[in-house]
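Analysis of the macromolecular model
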Amino acid sequence: MENPSLTGGTKNERKIEMICDNIAVSKEGRLVFAGCDTVDLAHKYGTPLYLLDENKIREKCRIYKEAFKKHFGEGSKPLYASKANCFKRIYEIMTEEDMGIDVVSSGEIYTALKAGYDISKAYFHSNNKTDEDISYAIENGIGYFVADNIEEVKAVDREAAKRGIRQKLLLRLSPGIDPHTYEAISTGEVDSKFGTAIETGQAEEITLLTLDMPNVELVGFHCHIGSQVFAEDVFERAAVVMLEFIADMKKKHDYTALQLDLGGGYGVRYTESDPVLDIDQKVGEVAAAVKEACNRLGIEMPEIHMEPGRGIIADAGMTLYTVGTVKKITGYKNYVSIDGGMPDNPRYALYKSSYTCLAANKMNEEADFKCSVVGRCCESGDIIQENVLLPGSMRRGDIVSVCTTGAYNYSMASNYNRLPRPPIVMLRNGESYVTVKRESLEDLCRNDI
Ligand code: LLP
């Protein structure tokens, strides 16, 4: 019996339609990603290897952009959340796709600037920007701050005064919504470390204090409720809470918010059991709730923004590894050890995240060997995935692919166990090019004195 997730495709390839349409299998039984033979790529560039499908990234940008234009109208737009995957080339693509961005550190700002991204379109997040961050961002002409708390608004006001400018700024509020995702990435509740709570009255306080500051211009409000969200209507509920707050500020203080940013968070498919989200439909549902609330509350609809990170880049990614040891502990458990692990993908160790693992060079073989795919670090928790089905013939030298690794893998990678970080190879129209080089051993000692 062949792997049941494979279904018929063209005469030379079969698609694995259940995960993402950029994955297929060649007639020789090799995994094909974005039109490229993954086994050839593993041999050409070495492993571990991050792959990114440039066409898929662009496709996702367009889906989000078109949905925003269609449902909210001109001015409303998606911003790519850089934290999902940040390197120079991604900002060139975002420039070409006319995407806004959010950034969360001087490092992300620096990378965007190095790539020639127009930083006046960028929104600067984070719950604890340092004075150095604030000064660096203003010096380089950041478009907007998304201030988390009053200390930060004051710090931005001071820095803007020094430079004789009026800095545009949004306030991050917590709307008190539980997004039903895993706790570590849930952020919109009242007791969250992020934002200022509406429920406690502190959001109103910070709004008034901000409106009083001479060197900042309050352009609107922001919220982010969580990540990998599939639950029905949480964005709609968050939007309504935020719009009610906006209407309240209008009524009580005659303040008109021009922008409302609803954050990121739409879920993506890591496995066949994850649902497929139709972004056009989802954005349409949020737009309907926003318009209904604005009518009911008698306010103008602000510009609406959202900040997809994972939604833009997750399924544009795949990681390739080479198998080292295959260990069968008779009567207990099987392990397939690969040449990467938690340093290049810490998500299972952190969140027990699901992934689809495939034997890239053995796609025609029956996958009935139950095992854990584990990394090479000196740590039992260094696991990529448990209860994986791979072919029973797995042995040293085989190539394992982990799908949907475009978001929060490279950007969360470390050098734990002094392992160099893998390169990123971009795939475009069946061709490949290196966009981030593999770290060398020398790179590991670069800052050692
Ligand atoms: N905007 C804000 C303010 C955020 O904090 C985030 C994610 C996003 C946008 C983008 O969310 P996305 O569309 O990518 O879900 N490391 C975790 C995810 C942490 C997300 C943090 N904030 C993971 O690997 O699942």
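Report follows, based on the coordinates. Given the structure is predicted, the values throughout are model-derived calculations rather than measurements.

**Brief notes about empty space enclosed by the protein**
Taken as a whole and assessed by the stated rule, the structure comprises two cavities of 30 Å³ or more. Quantified by volume, the largest cavity comes out at close to 70 Å³. Around the largest cavity, the lining comprises 13 residues; the ones closest to its centre are A231, F235, E236, Y266 and K282. Where the lining of the largest cavity is concerned, the elements lending two or more residues are α8 (234-253) and α9 (279-297). Here the residues of the lining of the largest cavity sort into eight nonpolar, no polar and five charged. Estimated volume of the second largest cavity: approximately 40 Å³. Where the lining of the second largest cavity is concerned, the elements lending two or more residues are β5 (49-53) and β15 (317-329).

**Thoughts on the packing of helix α5 (residues 131-139) against helix α6 (residues 150-163)**
Put simply, α5 and α6 touch, their axes get as near as 10 Å, and they point 45° apart. As far as their axial angle goes, α6 and α5 are oblique. As α5 packs across α6, the resulting crossing turns out to be right-handed. Within the contact between the two elements, α5 uses D131, I134, S135, I138 and E139 and α6 uses E152, A155, V156, E159, A160 and R163. When the residues that make up the contact of α5 with α6 are grouped by side-chain class, the tally is five nonpolar, one polar and five charged.

**With respect to the packing of aromatic side chains**
Under the criterion given, the structure shown has 10 aromatic pairs. With centroids separated by 5.9 Å and ring planes inclined at 80°, the aromatic side chains of Y50 and Y410 adopt a geometry described as edge-to-face. Remark: Y410 occurs in the loop between β20 (399-403) and β21 (424-428) and Y50 occurs in strand β5; sequence separation between them is 360 residues. Relative accessible area serves as the criterion here: at 3%, Y50 is assigned to the buried category. Joined through ring pairs, the aromatic side chains of Y50, F87 and Y410 make up one cluster.

Rules of the game
- Residues numbered from 1 in each chain as written.
- Predicted model: local features only at pLDDT ≥ 70, side-chain atom pairs only at ≥ 80, totals over all residues.
- Heavy atoms only, no water.
- 1 Å grid on protein atoms, 1.4 Å probe; cavity = no way out; pocket = protein on both sides within 12 Å on 5 of 7 lines; lining within 4 Å.
- Points joined across faces, edges and corners; volume = space filled by probe spheres on them.
- Helix = DSSP H or I, 4+ residues; strand = E, 2+ residues; numbered from the N terminus.
- Nonpolar A, V, L, I, M, F, W, Y, C, P; charged D, E, K, R; others polar.
- Axes fitted to C-alpha atoms, helices over the stretch in contact; angles between N-to-C directions.
- Parallel < 35°, antiparallel > 145°, perpendicular 65-115°, else oblique.
- Left-handed = near helix turned anticlockwise from the far one by under 90°.
- Contact = heavy atoms within 4.5 Å.
- Phe/Tyr/Trp six-rings, centres within 6.5 Å; stacked < 30°, edge-to-face > 60°.
- Buried < 20%, exposed > 50% of the residue type's maximum accessible area, 1.4 Å probe, protein only.

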